[in-house]
Amino acid sequence: MGLALAKRWPTSTVELIDKDIVAIETTQTNIEHNRLPNATVRLSAGFRDLATDAFDLIVANLPAQAGNEALDALLLGAHDHLQPGGTLVVVTVQGLKRYIRRRLQLIFGDYHKVRETKRHVVAEAARQHAR
């Protein structure tokens, strides 16, 4: 998703983050192959290693098997790493739809379903106020 965003908006800075070193190496190769100078990739488990970064947009494909505690950590981390007015967009499997809606409403005070298919839901929430 990050490479597509970097290609679509070449004047934006796109930072891709993953906890898997193989994914990082593959992504770096793809950044170079696709000549995307506006994209960088960094190894991090969630937002743990991003203490000072603040983003306008965070896009995540949430892991279906991560468990509620890990999902909450990702959603809370996203909230804390967004600029005021920044937006989180998440892709989830259908089985997480209600949980993600409740958590985004609680954490962000906001929830909007962007698209839904038989297998996936795309939702967004904007950081409007401090928790």
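The text that follows walks through the structure, step by step, so that each part is easy to find. Note that the structure is predicted; figures quoted are calculated from it, not measured. (Residues numbered from 1 in each chain as written. Predicted model: local features only at pLDDT ≥ 70, side-chain atom pairs only at ≥ 80, totals over all residues. Heavy atoms only, no water.)

## Structural notes on the layout of surface pockets
- One number sums up the size of the largest pocket: a volume of about 1,200 Å³.
- Lining the largest pocket are 38 residues, and of these Leu 16, Ile 17, Ile 58, Val 59 and Ala 60 sit closest to its centre.
- Elements supplying a minimum of two residues to the lining of the largest pocket: helix 1 (2–8), strand 1 (14–18), helix 2 (21–33), strand 3 (55–61), helix 3 (68–80) and strand 4 (82–93).
- Here the lining of the largest pocket gets seven residues from one element, more than from any other, and that element is strand 3.
- A breakdown of the residues in the lining of the largest pocket according to their chemical character gives 27 nonpolar, seven polar and four charged. (1 Å grid on protein atoms, 1.4 Å probe; cavity = no way out; pocket = protein on both sides within 12 Å on 5 of 7 lines; lining within 4 Å. Points joined across faces, edges and corners; volume = space filled by probe spheres on them. Helix = DSSP H or I, 4+ residues; strand = E, 2+ residues; numbered from the N terminus. Nonpolar A, V, L, I, M, F, W, Y, C, P; charged D, E, K, R; others polar.)

## Points about unusual backbone geometry
- Even without being glycine, Arg 35 reaches a positive phi, approximately 50°.
- Tracing the backbone through its elements, the reader meets Arg 35 in the loop between helix 2 and strand 2 (39–43).
- Among the residues examined, Arg 35 registers a relative accessible area of 71% and is labelled exposed. (Buried < 20%, exposed > 50% of the residue type's maximum accessible area, 1.4 Å probe, protein only.)

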